[in-house]
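Each chain, letter by letter, is given below.
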Amino acid sequence: MRGREIIVWRCPRRSWVDQESASWPVLVQVDFEVFGDLQGVNFIQYAKAVADRLGVRGWIKMSFYGTAMGQLQGDKDRVDEMALWLRHTGCPRSRINFVDFQNWRVTDGFEYRRFNARV
């Protein structure tokens, strides 16, 4: 291999923390319970459709007391958007009194593959 040169391009070194914060989204997880008039209006199906559209993972189910409870996981911006939908919009015929969000935390990875409606 005489007569040939190998050129090595070197990029300026960046901090590992800068690369991580720029390329990885912040994953969060939150438990919720929605209070209001939710039964008989397909609230669970609407919530599943919105979560699938946003790419949020987790689960939702109706409780014995007529509330909807569940867990959300995903990118912080998308979980925040789903939380706003649960609090202010809901499905067309539902009336939401308030939503209790608990256990907000940053997580390393996903526990669920998609958003499920539980029985």
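See the structure above.
Basis of the calculations
- Residues numbered from 1 in each chain as written.
- Predicted model: local features only at pLDDT ≥ 70, side-chain atom pairs only at ≥ 80, totals over all residues.
- Heavy atoms only, no water.
- Helix = DSSP H or I, 4+ residues; strand = E, 2+ residues; numbered from the N terminus.
- Expected span 1.5 Å × (residues − 1).
- Buried < 20%, exposed > 50% of the residue type's maximum accessible area, 1.4 Å probe, protein only.
- Arc of directions from axis to C-beta.
- Contact = heavy atoms within 4.5 Å.
- Polar contact = N/O pair within 3.5 Å; in protein donor to acceptor, adjacent residues only side chain to side chain.
- Salt bridge = Lys/Arg side-chain N within 4 Å of Asp/Glu carboxyl O.
- Phe/Tyr/Trp six-rings, centres within 6.5 Å; stacked < 30°, edge-to-face > 60°.

Chemist: Help me out: how do you make sense of helix H2 (residues 43-54) in this one?
Modeler: Count 3.6 residues to each turn of an α-helix, and residues three or four apart come out pointing the same way. Along its 12 residues, H2 runs 17 Å from first to last C-alpha, staying within 8% of the 16 Å computed at 1.5 Å per residue. Every buried residue of H2 is accounted for by Phe43, Ile44, Ala47, Val50, Ala51 and Leu54. Looking straight down H2, one finds that the buried residues subtend no more than 130 degrees of arc, so they occupy a single side. More than 90 degrees from the buried face of H2, the exposed residues found are Gln45 and Arg53. Check the buried side of H2 and you find it contacts strand S1 (27-37), strand S2 (57-62), strand S3 (68-75), helix H3 (76-89), strand S4 (95-106) and strand S5 (115-117).

Chemist: Would you take a moment to explain the side chain of Ser63 for this structure?
Modeler: Its location among the elements puts Ser63 in the loop between S2 and S3. At a separation of 2.6 Å, a polar atom in the side chain of Ser63 contacts the side chain of Thr67. Setting aside residues no more than four positions away along its own chain, Ser63 makes contact with Glu33, Gln39 and Met69.

Chemist: Explanation requested: the pattern of salt bridges in the structure shown.
Modeler: If the charged atoms of two oppositely charged side chains come close together, the side chains can form a pair. What the rule picks out here adds up to three salt bridges. A salt bridge links Asp37 to Arg95; the shortest N-O distance between them is 2.9 Å. In this pair, Asp37 is assigned in strand S1 and Arg95 in strand S4, connecting sequence segments 58 residues apart. What makes Asp37 partly exposed here is its relative accessible area of 41%.

Chemist: Would you explain the packing of aromatic side chains in this entry?
Modeler: Here a ring pair, both rings aromatic, is described through the centre-centre distance and the interplanar angle of the planes. One pass over the full model with this rule turns up four aromatic pairs. Residues Phe35 and Phe98 carry aromatic rings whose centres are separated by 4.6 Å and whose planes lie at 20 degrees to one another, so their mutual orientation is stacked. Taken together, the positions of Phe35 in strand S1 and Phe98 in strand S4 put the pair 63 residues apart, joining distant regions of the chain. For Phe35, a relative accessible area of 24% translates into the label partly exposed. Seen from their ring centres, Phe64 and Tyr65 are 5.5 Å apart, and the 80 degrees between their planes marks the pair as edge-to-face. With respect to burial, Phe64 and Tyr65 carry one shared label: exposed.

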